Amino acid sequence: MSIEFTPWPDDLAALYRKKGYWIGQPLTEALERQAAQRPEAVAVICGDRTITYGQLDRLSGNLAGQLALRGLGHGDRAVVQLPNIAEFYITFFALLKAGIAPVNALFSHKQSELLAYASQLRPRLFIADRRHSVFADDRFLGELRREVPELTHVLFHGAGEEDESLEALMGEAPARVVDYRPSPASQVAFFQLSGGSTGQPKLIPRTHDDYDYSVRASVDICGVTADTRYLCALPAAHNYPMSSPGALGVFHAGGTVVMAPNPDPQTCFRLIAAHGVTMVALVPPAVSLWLDAAAGSSHDLSSLALVQVGGASFAEALARQVPEKLGAKLQQVFGMAEGLVNYTRLDDPDELVFTTQGRPISPDDEVRIVDESGNAVPEGEAGLLATRGPYTFRGYYRSPEQNGRVFDRDGFYYSGDVVQRTPEGNLRVVGRVKDVINRGGEKVASEEIENLLLRHQDVTHAALVAVEDKLLGEKSCAFVVSRNEELKAVALRRHLMGLGVADYKLPDRVRFIDAMPLTPVGKIDKKILRQMANELALP
Ligand code: AMP
């Protein structure tokens, strides 16, 4: 049984195979190859634990076998939520080995997001961490089971006495031999999370073939080798630290992933010095903090050779400081969980590295820069980014309406970014048309929060817009029209928290207004609201 997804048209699929992009290899191959060839090499360092490739392969094999023994396998989906710990990768590989397709929720996600993923995927398996606040008791689990009756198996990291323990299943091979194997390489391996622009976060089916290609090609572009020591300081589930080249790229090359709980410079500098970290992927606000902290730090950062920065706009003035203050090369990354990833190349002239967000991975990434009607803009001018290629998806999971909005007839995906192309072929991100707030790399879909605000009995209209912020680039400001003059921002915050939405999505500011400004066609005028938000934010 396979999982439905929108396939690439036959002619393009044939081209991608002919060119050697899609090689029919499951994402588990890299791990098995390393485990066979270099079982003692260190794959993951997590706190004081060191996990070799042999162990990573064995632990994930144990778990895959245990899940197969319980009747889970091809066609099944799983919702997984684990923090930045080695078990994240053990679990990921286990599910892939058994042909179960997971979505990895971010650890910051709460009831609202988990329920949204589960109600779309209808998983039989749910894996979470007992130490997450949502699982302090079993109330949410009960709700999840009611909403998703298909759910039959729940495993916990840090399990309580009544729970089935994730670690226990990793630690022990099944009592009898069970047969399991990954789903075919042309089929869905797992689901990535969309940064989203819709009321409900959408899921992105990724096949082994397409994802494996993006990883292999990224390894070459970013110069990852068996000597690479990669610091995973961003949420491990995110596409960027997973595949650009991310942990999967490091595993492909046989290097080591060092887990960090977060990108805080004090924690990370200590890890860099202790483990000789050579490479890190960061978002712009983290780089700002690193640049400030580096001068006064007593830690030896000299092993650090490459700092990748992506996920949100990175100011040129800060980009220029990276080599000098961190003693490392800068690489800008502009990517999306839907597919297309751009990198500045390691041999690009400094000017390009400081002022652009790179160029696509593949010679067969097709990038069109177009106006609102889909016509190409003159070369060098800014326009909407539309793309298709060997690792850019062709449709969100079970979302025909949204797919109708973001794909054109030729199968080009409109990312909602406004970009321009330099004469060298590099892209520069200059704006955005999608209704998303990019909070230093963490994406907040306005519609999602507006819908939740509107569930408050006193709220008649709600609009969430971006307001400029020095550290994060953008923060969120909610404009609210209320039928109750007494309604306070704190009550709205409490309302959202009660609905179980991730903290980073809570509006940074709330402004009450009498009526929404409207455009001539009667839509809420967010341009005016953005102006108002920025004016109000001025000191
Ligand atoms: P996500 O899929 O969550 O990584 O979000 C992808 C989106 O993040 C892109 O469509 C862009 O809007 C934004 N983004 C990613 N990298 C950059 C970058 N280097 N500069 C500006 N925006 C970026």
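Residues numbered from 1 in each chain as written. Predicted model: local features only at pLDDT ≥ 70, side-chain atom pairs only at ≥ 80, totals over all residues. Heavy atoms only, no water.

## What to know about the sheet that holds strand β23 (residues 459–469)
Step number 1: With mixed pairing, three strands are arranged side by side in an open sheet as β23-β24-β25. With one partner strand each, in any of the chains shown, β23 and β25 (509–512) form the two edges of the open sheet. Neighbouring strand axes in the sheet, compared pairwise and without regard to direction, differ in orientation by 25° on average.
Step number 2: In this structure, β23 lies alongside strand β24 (residues 473–482), joined through ten bridges in antiparallel fashion. (Pairing = 2+ DSSP bridges. Helix = DSSP H or I, 4+ residues; strand = E, 2+ residues; numbered from the N terminus. Axes fitted to C-alpha atoms, helices over the stretch in contact; angles between N-to-C directions.)

## Things to note about the packing of helix α17 (residues 446–454) against helix α18 (residues 489–498)
Step number 1: Where α17 meets α18, the axes come as close as 10 Å, and the angle between the chain directions of the two elements is 105°. In this view, α17 runs roughly perpendicular relative to α18, as classed from their interaxial angle. Contacts between α17 and α18 pair Ile449, Leu452 and Leu453 from the former with Leu492, His495 and Leu496 from the latter.
Step number 2: Of the residues assigned to the contact of α17 with α18, the class counts are five nonpolar, one polar and no charged. (Parallel < 35°, antiparallel > 145°, perpendicular 65-115°, else oblique. Contact = heavy atoms within 4.5 Å. Nonpolar A, V, L, I, M, F, W, Y, C, P; charged D, E, K, R; others polar.)

## Concerning the environment of Arg345
Step number 1: For Arg345, the location among the structural elements is in the loop between β15 (339–343) and α15 (350–355).
Step number 2: Residue Arg345 is classed as buried on the basis of its relative accessible area, which comes to 14%.
Step number 3: Distance from Arg345 to Leu492, taken between C-alpha atoms, is 46 Å for residues 147 residues apart in sequence.
Step number 4: For Arg345, the contacting residues outside a window of four places in its chain are Ile221, Val353, Arg359, Pro360 and Ile361.
Step number 5: One polar contact links the side chain of Arg345 to the main-chain carbonyl oxygen of Tyr343, over a distance of 2.8 Å.
Step number 6: Within the local environment of Arg345, its side chain forms a polar contact with the backbone oxygen of Pro360, the two atoms lying 2.7 Å apart. (Buried < 20%, exposed > 50% of the residue type's maximum accessible area, 1.4 Å probe, protein only. Polar contact = N/O pair within 3.5 Å; in protein donor to acceptor, adjacent residues only side chain to side chain.)

## Structural notes on the domain arrangement of the protein
Step number 1: With domains assigned, the protein is organised as domain 1 (28–36 + 45–181), domain 2 (210–432) and domain 3 (440–533).
Step number 2: Computed from C-alpha atoms alone, the centre-to-centre distance between domain 1 and domain 2 is 27 Å.
Step number 3: On the side of domain 2, 25 residues touch domain 1, which itself brings 21 residues to the contact.
Step number 4: Each partner contributes to the roughly 1800 Å² buried at the junction of domain 1 and domain 2, and carbon and sulfur atoms together form 64% of this total.
Step number 5: For the domain 1 face of the interface with domain 2, the top three residues by lost area are Ile45, Asn84 and Tyr89, together amounting to 41%.
Step number 6: Applying the counting criterion to the domain 1 and domain 2 interface returns zero salt bridges.
Step number 7: At the level of elements, α2 (29–37), β1 (42–46), α3 (53–69), α4 (86–97) and α5 (111–121) are the ones that each hand at least two residues to the side of domain 1 that touches domain 2.
Step number 8: Top contributing element to the side of domain 1 that touches domain 2 by residue count: α4, with five residues.
Step number 9: Per-class residue counts for the side of domain 1 that touches domain 2 are 14 nonpolar, four polar and three charged. (Domains from an automatic or database assignment. Buried area = accessible area lost by both parts, 1.4 Å probe. Salt bridge = Lys/Arg side-chain N within 4 Å of Asp/Glu carboxyl O.)

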